[in-house]
Amino acid sequence: MKRSIIIAIITACTTGAFAQSTTTTTTKTVITTNDKGDTVQVRTDTVKTKRKGFRFSFGKGEDAASVSVNRRDTIKTEDKPSKAPGFSWGLTLSRLDLGLATLVDNGSFNLSPQNNFLRYRSWKSSNVGFDFIQVGYRFNSAFRIYVSGGLDWTHFRLREDITIQKEQPGDLGLVYTTDNIDYSKNRFTSSYFRIPLTFDWRSHVNSEGKRFHIAGGPMLGVLYNGRVKQISDENGKQKANDNYHFTKWRYGMTARLGYGAWGIYGKYYFNDMFDTAVQNGLRNFSFGIMLGF
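Treat the numbers as computed from the prediction; the structure is a model and nothing was measured. (Residues numbered from 1 in each chain as written. Predicted model: local features only at pLDDT ≥ 70, side-chain atom pairs only at ≥ 80, totals over all residues. Heavy atoms only, no water.)

A.B. asks: Can you walk me through the pairing of strand β7 (residues 126–140) in this structure?
C.D. replies: The side chains of a regular strand alternate, residue by residue, between the two faces of the sheet. Judged from the eleven bridges that link them, strand β6 (residues 86–105) and β7 form a sheet pairing that is antiparallel. Looking across to β7, one finds that W89 is bridged to V135. Hairpin connection, β7 to strand β8 (residues 143–157): the antiparallel pair is bridged by two residues. (Pairing = 2+ DSSP bridges. Helix = DSSP H or I, 4+ residues; strand = E, 2+ residues; numbered from the N terminus.)

This is the structure we're talking about:
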């Protein structure tokens, strides 16, 4: 049943064009005079055949995502002041984020004593995310806004050999046990549905078909899972899923800057990372590289 629903959604959002060949004939007549003074007309016919392949558009509107196979489209680079305004919507695979995750404890990058058990390995703590659906409105060629939906994961590689316990009754804060085990990996993960509202300024397309982007706006997150993943010689690989007191709703800001398909991003959340009083003021900040505007 789930597979049928997914196929129906993709079919409804996808439009395609079949392979075809376009033939262009150009006739040119040149009038010249030969050595004897006679007028001669020379007619030249030029035939150009351009093969076009498949192009699938995952939605509606000029800004909808599309995939081309064996197709070579002509890109005009003339500087036009604006495009006609219009809506676009559909499936996408954009804003693939890969960066570093950081804890901010009441405005400081140093953890307070009550949160010191969450010490983490900075270069192994990561943020990963992407958008898969988008609805937007283009005001002109330089400015558009859109609301998108996607997934976002934040992984913290803990330094201590501890196990974060599942949610406990009462407001005890995060509860953990200290283990007599040397973990080669001890990862604490939060997983959210993300819903950003983005204001995207774009330069005109240059001769290489690329443009600059400055984008950003508010972002909402809805928790769907928390996880502890541990690897050790004693117990092998272990996973446990729970909410782990991660806040159910989070809100913040995101900013993006880039050229072509590549860019950099930053995310900061204004509310606390956990819903416990003990971890009050502990928030999440991440930054890194991204692919796909």
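A.B. asks: Looking at this model, I keep getting lost on empty space enclosed by the protein. Mind explaining?
C.D. replies: One way to see where empty space is left: roll a probe the size of a water molecule over the atoms. On inspection of all chains with the given rule, the structure shows two cavities of 30 Å³ or more. Looking at the largest cavity, its volume works out to about 60 Å³. Lining the largest cavity, in full, are S190, Y192, F246, T247, R250, Y269, N271, D272, M273, R283 and N284. The class makeup of the residues in the lining of the largest cavity is four nonpolar, four polar and three charged. (1 Å grid on protein atoms, 1.4 Å probe; cavity = no way out; pocket = protein on both sides within 12 Å on 5 of 7 lines; lining within 4 Å. Points joined across faces, edges and corners; volume = space filled by probe spheres on them. Nonpolar A, V, L, I, M, F, W, Y, C, P; charged D, E, K, R; others polar.)

A.B. asks: Explain the packing of aromatic side chains to me, please; I cannot follow it from the model alone.
C.D. replies: Scanning all chains against the criterion turns up 15 aromatic pairs. Where F130 meets W153, the ring centres are 6.0 Å apart and the plane angle is 40 degrees; that geometry is what we call tilted. Of the two residues, F130 sits in strand β7 while W153 sits in strand β8, which places them 23 residues apart along the sequence. Overall, F130 belongs to the partly exposed group, its relative accessible area being 23%. On the accessibility criterion, W153 (22% relative accessible area) is partly exposed. What links up through ring pairs into an aromatic cluster is the set F87, Y137, F139 and F143. (Phe/Tyr/Trp six-rings, centres within 6.5 Å; stacked < 30°, edge-to-face > 60°. Buried < 20%, exposed > 50% of the residue type's maximum accessible area, 1.4 Å probe, protein only.)

A.B. asks: Could you clarify how one ought to interpret the side chain of R250 in this entry?
C.D. replies: Secondary-structure assignment places R250 in strand β14 (residues 249–259). At a separation of 3.2 Å, a polar atom in the side chain of R250 contacts the side chain of Y269. Not counting chain neighbours up to four residues away, the residues in contact with R250 comprise D152, T154, S190, Y192, M219, L220, G221, Y269, N271 and N284. (Polar contact = N/O pair within 3.5 Å; in protein donor to acceptor, adjacent residues only side chain to side chain. Contact = heavy atoms within 4.5 Å.)

A.B. asks: Before we go on, may I ask you to explain the side chain of T198 in this structure?
C.D. replies: Among the secondary structure elements, T198 is positioned in strand β11 (residues 183–202). Given a relative accessible area of 3%, T198 falls into the buried group.

A.B. asks: Teacher, can you tell me more about unusual backbone geometry here?
C.D. replies: Excluding glycine, residues mostly have negative phi values, and the peptide bonds linking residues are mostly trans. Even without glycine at this site, N106 takes up a positive phi of about 50 degrees. Here N106 lies in the loop between β6 and β7. Taking the relative accessible area as the measure of exposure, N106 reaches 54% and is therefore exposed. The backbone of Y244 shows a phi angle near 50 degrees, a positive value even though the residue is not glycine. Note that Y244 resides in the loop between β13 (236–242) and β14.

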